[in-house]
Amino acid sequence: MPELPEVETVKAGIAPVMQGHVIAQAEVNRPNLRWPFPERMVDRLTGKRVLGLRRRSKYILVDLDSAETLLIHLGMSGRMLVSGHTVGEFHHPHPVPAKHDHVVFHMDDGARITFNDARRFGAMDLMETAHQEDHWLIRDLGPEPLGNAFNETYLIERLKGRNTPIKSALLDQRIVSGLGNIYVCEVLFRAGIHPARKAGRISAARVASLVPLIRDVLSEAIAAGGSSLRDYRQSDGELGYFQHVFQVYDREGKPCVTHGCNKTITRIVQSGRSSFFCPQCQR
DNA sequence: CGTAGGTCCTGCGTGC
DNA sequence: TGCACGCAGGACCTAC
């Protein structure tokens, strides 16, 4: 589920109930997710005030008044359930504890943030806020796709001479950080580039065209997430899911949306992951 | 060095 | 209804 827009949406959803509040109790129900939790995690979280939340790539960073920062990665199936707070007229009751509720933050005002992750590809770690850039999971990340450091010149330079398929290159978080399988498929469709095309053999002009398209796709997805987030009436508090209309992702065998194109969307597997594309529109 | 493939986990949909 | 299989939005690690 979580690529950059979903992580941004989750961050925006949990920020109001965390920021400025004290974690009255950190409940940690297992010793690890993808990796072991940090030493004394419960003690290092309990009683700490949350100064603010940030996002770097697909990581949520929670700054604490202990000069430490909590790093959260949602993996494939990680989700955050917010409860015990009131939005407008609606009060979210606490849910029945569920399978895979691995970590629960009990806030000082009664709100809860429950981290549920069936597949446990997610992660949490604690680090000194001052040295966050040196953290091994953050260190080698490429620029934020919505930031100024990610631009046409940069991308052309980074893809120059690369023999890897453009699909794989855009999934490489060291080149640009935050894209995942869905949005790479969508971006390549908009750009009219075949996912198997070698990154280094795409003209500079076409590579340059990817930059604004990446920004567009991510911005639209964030906007869609934000709008669904505002509507809590039918929500049980679960954040990060929103219905987004995909043009190619998960549309194998369905008609291409391009006007006048009568081809159907094809699925291929590239380094173990599905790529969806239109064989007519993407070359 | 760059690149492809295996791997960690659980759950769900599909076909028999 | 049960069961086997393929697949899932991530990304590290190893082998070539």
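These numbers come from a predicted model, not from an experiment.

### Describing the pairing of strand S11 (residues 266-270)
Every other side chain in a regular strand lies on the same face of the sheet, so the side chains alternate between the two faces. When S11 meets strand S12 (residues 273-277), the two strands line up antiparallel, connected through five bridges. Note on S12: the bridge partner recorded for Gln270 is Arg273. What sits between S11 and S12 in their antiparallel hairpin is a turn of two residues, with Ser271 showing a positive phi close to 40°.

### Details of the nonpolar core
Within the largest apolar cluster, 67 residues are counted, with the highest numbers of intra-cluster contacts made by Cys185, Val187 and Leu188. Per-element accounting of this core gives the leading share, eight residues, to helix H5 (residues 181-191). A domain-level breakdown of this core finds at least three residues from each of domain 1 (4-134) and domain 2 (152-277). Not counting chain neighbours up to four residues away, the residues in contact with Val187 comprise Leu170, Leu210, Leu213, Ile214 and Val217.

### Here's the deal with the UniProt feature "domain: FPG-type" (unreviewed entry) in chain A
On the UniProt side, "domain: FPG-type" (unreviewed entry) is annotated at positions that read residues 247-283 here. Segment residues 247-283 splits into 0% helix and 27% strand. End C-alpha atoms: 16 Å apart.

### Description of unusual backbone geometry
Here the phi dihedral of Ser57 falls at roughly 55°; this positive angle occurs in a residue that is not glycine. You can see Ser57 is positioned in the loop between strand S2 (50-56) and strand S3 (59-64). Of note in the backbone geometry, Ser271 takes a positive phi value of approximately 40° without being a glycine. Here Ser271 shows up in the loop between S11 and S12. A residue is classified by how many C-beta atoms lie within 10 Å of it, and Ser271, with 10 of them, is exposed.

### Points about the sheet that holds strand S10 (residues 123-128)
Pairing in this open sheet of four strands is antiparallel, and the strands run S2-S3-S4-S10 from one edge to the other. The open sheet is flanked by S2 and S10, the only strands paired with a single partner. Between one strand and the next, the sheet's axes are offset by a mean angle of 20°, whatever the strand orientation. Where S2 meets S3, six bridges bridge the pair, whose relative direction is antiparallel. Residue pairing in the sheet places Val50 in a bridge with Leu64 of S3.

### So, the sheet that holds strand S9 (residues 112-117)
Pairing is antiparallel across the open sheet formed by four strands, whose spatial order is S1-S8-S9-S5. Pairing within the sheet leaves two strands with one partner each, and these edge strands are strand S1 (23-28) and strand S5 (78-83). Ignoring strand direction, the axes of neighbouring strands in this sheet form an average angle of 15°. Sheet analysis places strand S8 (residues 101-107) next to S9, joined by five bridges and oriented antiparallel. When the bridges of S9 are listed, Val103 appears paired with Phe115.

### So, the UniProt feature "active site" (unreviewed entry) in chain A
As annotated in UniProt, the feature "active site" (unreviewed entry) corresponds to Pro2, Glu3, Lys58 and Arg273 in the numbering used here. Inspection of the secondary structure assignment puts Pro2 in the segment before helix H1 (4-18). With respect to the helices and strands, Lys58 occurs in the loop between S2 and S3. The contacts of Lys58, once residues within four sequence positions are left out, are Pro2, Glu3, Leu4, Val7, His73 and Gly178.

### A word on H5
Burial of H5 is extensive: nine of the eleven residues sit out of reach of the surface. Among the residues of H5, those classed as buried are Ile182, Tyr183, Val184, Cys185, Glu186, Val187, Leu188, Phe189 and Ala191.

### A few points about the environment of Ala123
Locating Ala123 in the fold gives a position in strand S10. Taking the C-alpha atoms as reference points, Ala123 and Leu71, 52 residues apart in sequence, are found 7.8 Å from one another. The contacts of Ala123, once residues within four sequence positions are left out, are Leu33, Arg34, Trp35, His73 and Gly75.

What counts, and where the lines are drawn
- Residues numbered from 1 in each chain as written.
- Chains lettered and ligands numbered in written order.
- Predicted model: local features only at pLDDT ≥ 70, side-chain atom pairs only at ≥ 80, totals over all residues.
- Pairing = 2+ DSSP bridges.
- Helix = DSSP H or I, 4+ residues; strand = E, 2+ residues; numbered from the N terminus.
- Core = buried A, V, L, I, M, F, W, Y, C linked by C-beta atoms within 7 Å.
- Buried ≥ 20, exposed ≤ 12 C-beta atoms within 10 Å, placed from the backbone.
- Domains from an automatic or database assignment.
- Contact = placed C-beta atoms within 7 Å.
- UniProt positions renumbered as here; feature names shortened; annotations may be inferred.
- Axes fitted to C-alpha atoms, helices over the stretch in contact; angles between N-to-C directions.

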